[in-house]
Amino acid sequence: MGIRHVWLWVALAAVLGLLTAPASAAEVRLRRTADGVVHVRAADWRGLGLGAGYAQAQDALCTLADAFVTFEGRRSQYFGPQARPAHPSTFGRAPNLELDVFFRAEADDALVQRYRDAQPPALRQMVDGYVAGYNRYLRQAGRLPAARAPACLRQPWVRAISDADLYRRMFAASIAGGYARFIPELAKAAPATTPPPQTGEGGDSGRLAALLSHSIGESAGLGSNMLAFGREASGADGVLLGNPHWYWGGPDRFYQMHLTIPGKIDVAGVAFLGIPVVMLGFNQQVAWSHTVSAARRFGLFELALDPADPTRYLVDGRSEAMQQREIVVPLADGGSVRRMHYRSRYGPLIDLAGRHPAFGWNGQRALALRDINSDNFRIFSNFLAWGQARSLDEFIAIQRRGTATPWVNTAAIGRGDPRVWYADMGAAPNVPDALRSACAGKLAGAFATVDRLTPLLDGSRSACDWQVDTQAAQAGALPASAMPSLLTERYVANMNDSYWLTQPATPLEGYPLVLGGERKPLSPRARHGHRLAAALMQEQSGSPAGLAQRLMRATLEPRNEAALLFKQALLDQACGSADLEQACGVLRRWGDNADPDDRGALLWDAFWSELDAIPAAELYATPFAPAAPLQTPAGIRAGDRRVAQALQRAVAQLTQKGWALDAPLRSQLTVRQGGAALALFGGCHDSGYFTVMCQPGGGYAMDANTHGNSYLQVVYFGKDGVHAHTLLAHGQGETALDGSSSDPAIARYARRDWLRFPFTEQQIMNAPGVTQVLRE
């Protein structure tokens, strides 16, 4: 929370008489410690949800209210049909009308009921409690003077919520790796009578490739770093780094909380706003983290249309009608927009003609999209079960049994356990490579040249649907036994590349292509992560505590792996002419870091971005070799004039902006706090940084549109229980990034001062803070 928000909360609590002694067994206690972290203690599941909902509303009422409007499909009514959401999220920033059509079609009352019915009693009670807590804060905030109330409080779109709002929110998070990536293409899909173009005719494969290149959201670099070290590195139990590179604003940003029911659950970590359970975190026995997986959680089906009717399609020679449903989107003036939504037996119709005409809905062919997570209602009950896990073995058993995680890899450690666990084990399409080959339709070959991972199967044959395995948790999903995992005493790592090189000594191979592929080049960020892990293995820190301290320092050392690997060779190619003498001198003196006072990082970012125009096969002297994945590609091909031209363009970029070539990073990479610029460190994934701090579309002024280091945790276990150090780079409250607030969590991140997380009841009560009690 920002300082202003802290005092707003304290003022509200004082007005309502809520700053009291610790709660009794029948009450819900909220204890705020350093940086606004909330510790919720309750006697039952409903009370735990009530505390979580109340606290999240205190810190992010306007963000949550806006999100609930989105998931209900009413953005056009309140914000206009052509406007877009203010901040990036997993569902993108499509025009409001397209978002409304999609959510009204896919997150309807029937979906809500199915989601509700699938939840265990404990989670349903938490949802009901969250709703009550959110609504309670909303009522109480209405008693504040306008100057102290949340900015959105009296807007017509801010309303009390029901459990349906939370189940729609859960669904939206579930489909982030599938439907949410294609909302405009789903919302606008409609039949056409035009003949199909040739697969190469008028095609812009680059636009389609760009759509499919990101596993989540609309920007490169969304994901995480994740490292877990076993006994061979620590000398004892495991040590875990969780380092998500995630949204700083909007509904999908992380919220830090600690949830306790004595004797039932005691777990801390983060969740997306609007989610009542910890999604990534730790308890007294286990700790876990996630990265965005390279696996495809969706697939396409090519439909052969009935020549007599473009809303019918052929399956095994028989004509089958699409389901048609009129979607009515209300507008502010009382009018409405009506769209027809089409669905096949495989899933909703999708029109990719705007990306490539060959993959549009025409008179002969159409495509349907299937998202495995649209029917995966196990996700948040899985997180709740992990929060109660009593050992690493129990954690693993929960994951194997449910295969519930939606679009992430997982790493975990356990107390008293020398092993570490990795798995890309969640809901994934059961599309073996043999099925992909046998069921390739007319479009499959052309599509594979754009994206070889996504299966495009022949929908005219029922045998080409995703396979059903009786051991899987849901129809059409892979069973746990068919997905990659590793239990080792060395280390596991993932930086959003595929599962293949989780542990270089034990490559994971032989899995279906839909899971992300194998024997592919690693990103510079991934190579840095493995280099860091290998160095820590060799150091033999002597104890989990020693390893954790070294890991905390190394995680926030903003080294640029691309510069370490290629800068010298690039400068050998580019330098020599008088017009580049100054630029070459700046880059030679630069120490390959992105700390605030480093000079050369800005020029390097521009240089590396310009080098993207050179295909990798033409740039590197030694191409990638699967037998040497951590050493290749290597070197720069001699005699390529394009390298010098790229540096010339980089110099022109900075000159046009009025920046000195040797300007320190602090002159640009900042976040506004208390009306002043606070210098930050790091850079974009695309530029080769392990420590990510990035503004999509360019720019260096970090704000609620930023993605990068968000929640960070380094966790290990001692004889006295869990030891966790955390950071929340973007702060806890929605006003933290408004420019005028001064948020202590952001300041802590900027000075790299890890917070020793108070976990036990004694630690919490001994920590400076404020206690609030909620009574039913």
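Owing to the predicted nature of the structure, the values given are computational and were not obtained by experimental measurement. (Residues numbered from 1 in each chain as written. Predicted model: local features only at pLDDT ≥ 70, side-chain atom pairs only at ≥ 80, totals over all residues. Heavy atoms only, no water.)

## Side note on the overall build of the protein chain
Counting its regular elements, the protein chain contains 23 helices and 31 strands. Taken over C-alpha atoms, the radius of gyration comes to 26 Å for the protein chain, in line with the 28 Å a tight globule of 776 residues would show. Viewed in the frame of its principal axes, the protein chain has a C-alpha envelope of about 75 × 65 × 50 Å. Out of the 776 residues belonging to the protein chain, those deemed buried represent 62%. Here the analysis covers contacts within the protein chain between residues at least 6 apart in sequence; of these, 71% occur between residues at least 24 apart. Of the roughly 26,800 Å² of accessible surface on the protein chain, 50% is carried by carbon and sulfur atoms. The average position of the 76 basic charges and that of the 71 acidic charges among the side chains of the protein chain differ by 3 Å. (Helix = DSSP H or I, 4+ residues; strand = E, 2+ residues; numbered from the N terminus. Rg over C-alpha atoms; globule rule 2.2 N^0.38 Å. Buried < 20%, exposed > 50% of the residue type's maximum accessible area, 1.4 Å probe, protein only. Contact = heavy atoms within 4.5 Å. Areas by Shrake-Rupley, 256 points an atom, 1.4 Å probe, with all protein chains shown as cover. Lys, Arg positive; Asp, Glu negative; His and termini not counted. Charge placed at Lys NZ, Arg CZ, Asp CG, Glu CD.)

## Observations concerning the pattern of salt bridges
For the coordinates displayed, the defined rule picks out 41 salt bridges. Of the charged contacts, one joins Glu761 and Arg41 as a salt bridge, the two residues approaching to 3.2 Å between their closest N and O atoms. Of this pair, Glu761 sits in helix α23 (residues 761-766) while Arg41 sits in strand β2 (residues 38-41); the two residues are 720 residues apart in sequence, bridging distant segments of the chain. Exposure remark for Glu761: the relative accessible area of 29% places this residue in the partly exposed category. The partner of Glu72 in a salt bridge is Arg159, with the nearest N and O atoms 3.1 Å apart. Here the residue Glu72 occupies a position in helix α2 (residues 45-72), and Arg159 occupies one in the loop between α6 (121-141) and α7 (163-174), the gap between them amounting to 87 residues. Look at the salt bridges and you will find they share partners, linking Glu72, Arg74, Arg159, Asp165 and Arg168 into a network. (Salt bridge = Lys/Arg side-chain N within 4 Å of Asp/Glu carboxyl O.)

## Digging into unusual backbone geometry
Backbone torsion omega between Thr632 and Pro633 reads 0°, so that peptide bond is classified as cis. Its location among the elements puts Pro633 in the loop between β21 (620-622) and β22 (634-636). Positive phi values are uncommon outside glycine, yet Asp316 reaches one of about 55°. The phi angle at Asn496 is positive, at roughly 80°, despite the residue not being glycine. Among the secondary structure elements, Asn496 is positioned in the loop between β20 (491-494) and α15 (524-539). Judged by relative accessible area, Asn496 falls into the buried class, the value being 18%.

## Here we look at the state of the cysteines
Applying the stated criterion across every chain yields a total of four disulfides. Disulfide partner of Cys439: Cys464, at an S-S distance of 2.1 Å. The sign of the S-S torsion, about -85°, decides the handedness of the disulfide formed by Cys439 and Cys464: left-handed. On the criterion of sequence distance, the pair formed by Cys439 in the loop between α13 (433-438) and α14 (444-450) and Cys464 in the loop between β18 (456-458) and β19 (485-488) is long-range, its members being 25 residues apart. Exposure remark for Cys439: the relative accessible area of 4% places this residue in the buried category. The residue that forms a disulfide with Cys575 is Cys584, at a sulfur-sulfur distance of 1.8 Å. As the torsion about the S-S bond is roughly -105°, the Cys575-Cys584 disulfide counts as left-handed. In the protein chain, the bonded cysteines, numbered by position in the sequence, are linked as 1-2, 3-4, 5-6, 7-8. (Disulfide = S-S within 2.5 Å.)

## Here we look at the packing of aromatic side chains
Overall, the coordinates contain 37 aromatic pairs when judged by the stated rule. With 4.2 Å between their ring centres and 10° between their planes, Phe301 and Tyr346 make a pair best called stacked. With Phe301 in strand β9 (residues 298-306) and Tyr346 in the loop between β13 (336-343) and β14 (349-350), this residue pair connects regions lying 45 residues apart in the sequence. In terms of burial, Phe301 and Tyr346 fall into one category: buried. Taken together, a centroid distance of 6.0 Å and an interplanar angle of 55° make the contact between Phe380 and Phe383 tilted. You can see Phe380 and its partner Phe383 sitting in helix α11 (residues 379-387), three residues apart, about one turn around the helix. As far as burial versus exposure is concerned, Phe380 and Phe383 are alike and both buried. Following the ring pairs from residue to residue traces out a cluster consisting of Phe566, Trp590, Trp604, Phe607, Trp608 and Tyr620. In this structure, Arg752 is placed above the aromatic ring of Phe681, and the distance from its NZ or CZ to the ring centre is 4.0 Å. (Phe/Tyr/Trp six-rings, centres within 6.5 Å; stacked < 30°, edge-to-face > 60°. Lys NZ or Arg CZ within 6 Å of the ring centre and 35° of its normal.)

## Some thoughts on the confidence of the model for the protein chain
Of all residues in the protein chain, 96% attain a pLDDT of 70 or more, and the chain-wide mean is 95. When the criterion is pLDDT under 50, residues 1-23 qualifies, and its contacts beyond four places in sequence or with other chains add up to 58 contacts. (pLDDT = per-residue confidence, 0-100.)

## Structural notes on the sheet that holds strand β23 (residues 670-673)
Ordered in space as β24-β23-β26, the three strands form an open sheet in which the pairing is mixed. On the outer flanks of this sheet lie β24 (676-679) and β26 (701-702), each paired with one strand and no other. The pairing of β23 with β26 spans two bridges and is parallel. For Thr670, the partnering residue across the bridge sits in β26 and is Ala701. (Pairing = 2+ DSSP bridges.)

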